[in-house]
Amino acid sequence: LFTQVATREDLIEVLVDLVQGGPSRRRSAVLGFELHLAALRNPALRALTQQWTTDSRAVLARFTGPEIAGRLDALLEGLIMHALLATEPEPRDTTRAAIVQALAPVTGRGQ
């Protein structure tokens, strides 16, 4: 997904596509969520889901740094879950705005 990402705008578009993906992305996302739910009941699967999260964040960190990658990863999982469950698709601009906000530098530490 990220091989052609050269700019911040490229990254944003890839992430929006990831959230609003077609049938093959939906199938993959459903399998991923099923694995996470299975890991809640089967501790042996937790190492696999933790590695998945670590790998996902490492890919994102190549473009954002580790701190932003962590919050972006969590946001993407939530956005994808909501997209899977929605009866009407979220407008692309709404998804894009959430991703752009998550990419903003963290400010106001310790306040």
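All values derive from a computational prediction rather than experimental measurement. All chains use their own residue numbering, which begins from 1 and follows the written sequence. It should be noted that, the model being predicted, local features are given only for residues of pLDDT at least 70 and side-chain atom pairs only at 80 or more, the latter also being counted only at that level, while totals for whole chains, interfaces and linings use all residues. Only hydrogens and water are set aside when side-chain values are computed; all heavy atoms of the structure are taken into account.

1. Some remarks on the packing of helix α1 (residues 8-19) against helix α4 (residues 66-85)
Move 1: Relative to each other, α1 and α4 sit at 40°, their axes nearing to 9 Å. Residues Leu15, Leu18 and Val19 of α1 pack against Leu72, Leu76, Leu79, Ile80 and Ala83 of α4.
Move 2: The residue classification treats Ala, Val, Leu, Ile, Met, Phe, Trp, Tyr, Cys and Pro as nonpolar and Asp, Glu, Lys and Arg as charged. All others, Gly included, are polar. Split into classes, the residues belonging to the contact of α1 with α4 amount to eight nonpolar, no polar and no charged. Here an angle of 0 to 180 degrees is reported between the N-to-C directions of two axes, which are lines fitted to C-alpha atoms, with helices fitted over the stretch in contact. The helix count covers DSSP runs of H or I at least four residues long, the strand count covers runs of E at least two residues long, and both are numbered beginning at the N terminus. Every residue pair with non-hydrogen atoms within 4.5 Å of one another is taken to be in contact.

2. Structural notes on helix α2 (residues 23-41)
Move 1: Across its 19 residues, α2 extends 28 Å between first and last C-alpha, which sits within 8% of the 27 Å expected from 1.5 Å per residue.
Move 2: The classification of residues rests on relative accessible area computed with a 1.4 Å probe and restricted to protein chains. Under 20% of the type maximum is buried, over 50% is exposed, and intermediate values are partly exposed. Of all the positions in α2, only Ala29, Gly32, Phe33, Leu35 and Ala39 are classed as buried. What you see down the axis of α2 is that its buried residues fit within an arc of 150°, all on one side. For α2, exposure combined with an orientation more than 90 degrees from the buried face picks out Pro23, Arg27, Leu31 and Arg41.
Move 3: Elements in contact with the buried residues of α2: α3 (46-64) and α4. Helix span, expected: 1.5 Å multiplied by one less than the number of residues in the helix. Directions pointing from the helix axis toward each C-beta atom define the arc.

3. Focus: the nonpolar core
The nonpolar side chains of soluble globular proteins are, as a tendency, buried together.
Move 1: Joining through side-chain atoms within 4.5 Å is the link that ties buried Ala, Val, Leu, Ile, Met, Phe, Trp, Tyr and Cys residues into a set, and such a set is a nonpolar core. Counting residues in hydrophobic clusters, the biggest one holds 21 residues, and the most contacted among them are Phe2, Leu15, Leu60, Leu72, Leu76, Ile99 and Leu103.
Move 2: Where this core is concerned, the elements lending two or more residues are α1, α2, α4 and α5 (92-103).
Move 3: Ranked by residues supplied to this core, first place goes to α4 with seven residues.
Move 4: Leaving out residues up to four positions away in the same chain, leucine 15 has contacts with Phe2, Leu60, Leu72, Leu76 and Ile99.

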